[in-house]
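Coordinates in review
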Amino acid sequence: MFIHIGNGNVIRSKDIVSIIDYHIISSSTIMEEMMKNSTGIIGPREDAKSVVITDNQLYVSTLSVATLKKRASMISTISKLEDYSSDLFE
């Protein structure tokens, strides 16, 4: 499944390693170092609320961690639903 993380970016949910609050970055030297050394960060840093980390890319999102978590859990719920579409044509 895919998750829309804002700013026109859609990524596969299974590629997400972590979603972190953008404001925590300034309080962690490890996170600051990761952001400085990462090339090709996708998304605007102004109005940023979260950072989505995948295996090979960092995405800055204007959506909050809570919103992204809700979207991820909604996709998880949808993927567990039974598919009864074949029963409609019988």
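Computed from a prediction, not measured in an experiment: that's the story for all the values here.

**Considering the sheet that holds strand 5 (residues 58–61)**
- Within the open sheet, the 3 strands sit side by side as 3-4-5. Their pairing is antiparallel. A single partner strand is all that each edge strand has here, and the edge strands are strand 3 (16–21) and strand 5. Neighbour to neighbour, the strand axes of the sheet diverge by 20° on average, direction disregarded.
- Note that strand 3 and strand 4 (residues 50–54) share 5 bridges and pair antiparallel. Residue Asp 21 lies in a different strand from strand 4, and its bridge partner there is Ser 50.
- Against the sheet, helix 1 (residues 29–37) touches strand 3, strand 4 and strand 5, its axis set at about 105° to strand 5.

**Here we look at the nonpolar core**
- With 10 residues, the main nonpolar core is built from Ile 20, Ile 25, Met 31, Met 35, Ile 41, Ala 48, Val 51, Ile 53, Leu 58 and Val 60.
- For this core, the secondary structure elements donating two or more residues are helix 1, strand 4 and strand 5.
- If sequence neighbours within four positions are ignored, Val 60 has contacts with Asn 7, Tyr 22, Met 35, Ile 41, Ile 42, Gly 43, Pro 44, Arg 45, Ala 48 and Ser 50.

**Observations regarding the side chain of Ser 61**
- Its place among the elements puts Ser 61 in strand 5.
- For Ser 61, a relative accessible area of 0% gives the class buried.
- One polar contact links the side chain of Ser 61 to the main-chain carbonyl oxygen of Ile 5, over a distance of 2.4 Å.
- At 3.0 Å, the side chain of Ser 61 and the backbone nitrogen of Leu 63 are in polar contact.
- Dropping the residues within four chain positions of it, Ser 61 is found in contact with Ile 5, Asn 7, Ala 48, Lys 49, Ser 50 and Leu 68.

**Quick notes on the pattern of salt bridges**
- One pass over the structure, following the stated rule, counts 1 salt bridge.
- Arg 12 serves as the salt-bridge partner of Asp 15, at 3.3 Å between the closest nitrogen and oxygen.
- A relative accessible area of 26% places Asp 15 in the partly exposed class.

Rules and cut-offs
Residues numbered from 1 in each chain as written. Predicted model: local features only at pLDDT ≥ 70, side-chain atom pairs only at ≥ 80, totals over all residues. Heavy atoms only, no water. Pairing = 2+ DSSP bridges. Helix = DSSP H or I, 4+ residues; strand = E, 2+ residues; numbered from the N terminus. Axes fitted to C-alpha atoms, helices over the stretch in contact; angles between N-to-C directions. Contact = heavy atoms within 4.5 Å. Core = buried A, V, L, I, M, F, W, Y, C linked by side-chain atoms within 4.5 Å. Buried < 20%, exposed > 50% of the residue type's maximum accessible area, 1.4 Å probe, protein only. Polar contact = N/O pair within 3.5 Å; in protein donor to acceptor, adjacent residues only side chain to side chain. Salt bridge = Lys/Arg side-chain N within 4 Å of Asp/Glu carboxyl O.

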